[in-house]
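A structural walkthrough
For reference, the chains in residue letters:
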Amino acid sequence: MEALVVYDSFFGNTERIAQSIGNVLGRPEDVGIARVVDVKPEQLDGLKLLIVGSPTRAFSPSPAIKKFLKSIAKNGLKGVKAAAFDTRVTEEEIDSAVFILRILVNIFGYAAKPITDRLVKKGGQLIVPPEGFFVHGMEGPLKEGELERASDWAKQILEKQ
Ligand SMILES: Cc1cc2nc3c(=O)[nH]c(=O)nc-3n(C[C@H](O)[C@H](O)[C@H](O)COP(=O)(O)O)c2cc1C
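First things first, this report covers the structure right here in the doc. (Residues numbered from 1 in each chain as written. Predicted model: local features only at pLDDT ≥ 70, side-chain atom pairs only at ≥ 80, totals over all residues. Heavy atoms only, no water.)

1. So, the site of the ligand
In the neighbourhood of the ligand, 17 residues make up the surrounding shell, with S9, N13, T14, T87 and M138 lying closest. At 2.5 Å from an oxygen atom of the ligand is found a side-chain nitrogen or oxygen belonging to T14. One nitrogen or oxygen atom from the main chain of M138 is found 2.2 Å from an oxygen atom belonging to the ligand. Relative to its unbound accessible surface of 630 Å², the ligand loses 85% to contact with the protein. A majority-of-atoms criterion places the ligand in the largest pocket. Here the element with the most residues in the shell around the ligand is strand β4 (residues 81-89); it accounts for 3 residues. Tallied by class, residues from the shell around the ligand come to 9 nonpolar, 6 polar and 2 charged. (Near = heavy atom within 4 Å. Polar contact = N/O pair within 3.5 Å; in protein donor to acceptor, adjacent residues only side chain to side chain. Areas by Shrake-Rupley, 256 points an atom, 1.4 Å probe, with all protein chains shown as cover. 1 Å grid on protein atoms, 1.4 Å probe; cavity = no way out; pocket = protein on both sides within 12 Å on 5 of 7 lines; lining within 4 Å. Sits in = over half its atoms within 2 Å of the grid points. Helix = DSSP H or I, 4+ residues; strand = E, 2+ residues; numbered from the N terminus. Nonpolar A, V, L, I, M, F, W, Y, C, P; charged D, E, K, R; others polar.)

The following block contains the structure:
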């Protein structure tokens, strides 16, 4: 397997984005799309591309994604191209919620950036900037057009291969 899209998802939104990305990256024989709890350490062996996606939970990646990133050996991603995405509540909904939420979001941000930092720390080569895809409310559904935006993001990744 050449590429792996690892994701976590509570309500299915991040899973749909992960599938949209994986489908653009290549055929199922070449591109795995795996829920983080199902990923075995040996699936990273010989990998060329690793994409990690998480729902943003309290401004951070999910606990299972954090655990997965922590479990990767030092320099375990040397020679591996890497990128990260998250799902998050729409800007409009954050702006119309309690004022403090906008301030907290501005300070603490979303899941994708800390994931990329961790991937790079483990030796990965970041090939596109972290990206966020929007959901309505706490449980979704995805904002209209986000699956297409995910495909476009994956096409940018393909161009870097
Ligand atoms: C406990 C909890 C905390 C959340 N924290 C945030 C947050 O800090 N920022 C944000 O944009 N969305 C937040 N959300 C909304 C999630 O990002 C949303 O549930 C997620 O994108 C849905 O993806 P999933 O269906 O793959 O789980 C939170 C949702 C829950 C349930």
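Once you've had a look at it, read on.
2. Things to note about the packing of aromatic side chains
Counted according to the given criterion, the structure contains 4 aromatic pairs. Ring geometry for F85 and W153: centres 5.9 Å apart, planes at 70°, overall edge-to-face. Separated by 68 residues along the polypeptide, F85 in strand β4 and W153 in helix α6 (residues 146-159) bring together distant segments of the chain. For the pair shown, F85 and W153 are each scored as buried. Residues F133 and W153 carry aromatic rings whose centres are separated by 6.2 Å and whose planes lie at 80° to one another, so their mutual orientation is edge-to-face. Linking F133 in strand β6 (residues 131-135) with W153 in helix α6, this pair joins segments that are 20 residues apart in sequence. The class of F133 is buried, set by a relative accessible area of 0%. By relative accessible area, which is 3% here, W153 ends up buried. An aromatic cluster of at least three residues, connected via ring pairs, comprises F85, F133 and W153. A cation sits over an aromatic face here: R57 above F10, 3.7 Å from the ring centre. The positively charged end of R88 is found above the aromatic ring belonging to Y110, 3.6 Å away from the centroid. (Phe/Tyr/Trp six-rings, centres within 6.5 Å; stacked < 30°, edge-to-face > 60°. Buried < 20%, exposed > 50% of the residue type's maximum accessible area, 1.4 Å probe, protein only. Lys NZ or Arg CZ within 6 Å of the ring centre and 35° of its normal.)

By themselves, these observations are geometric and do not establish any function.
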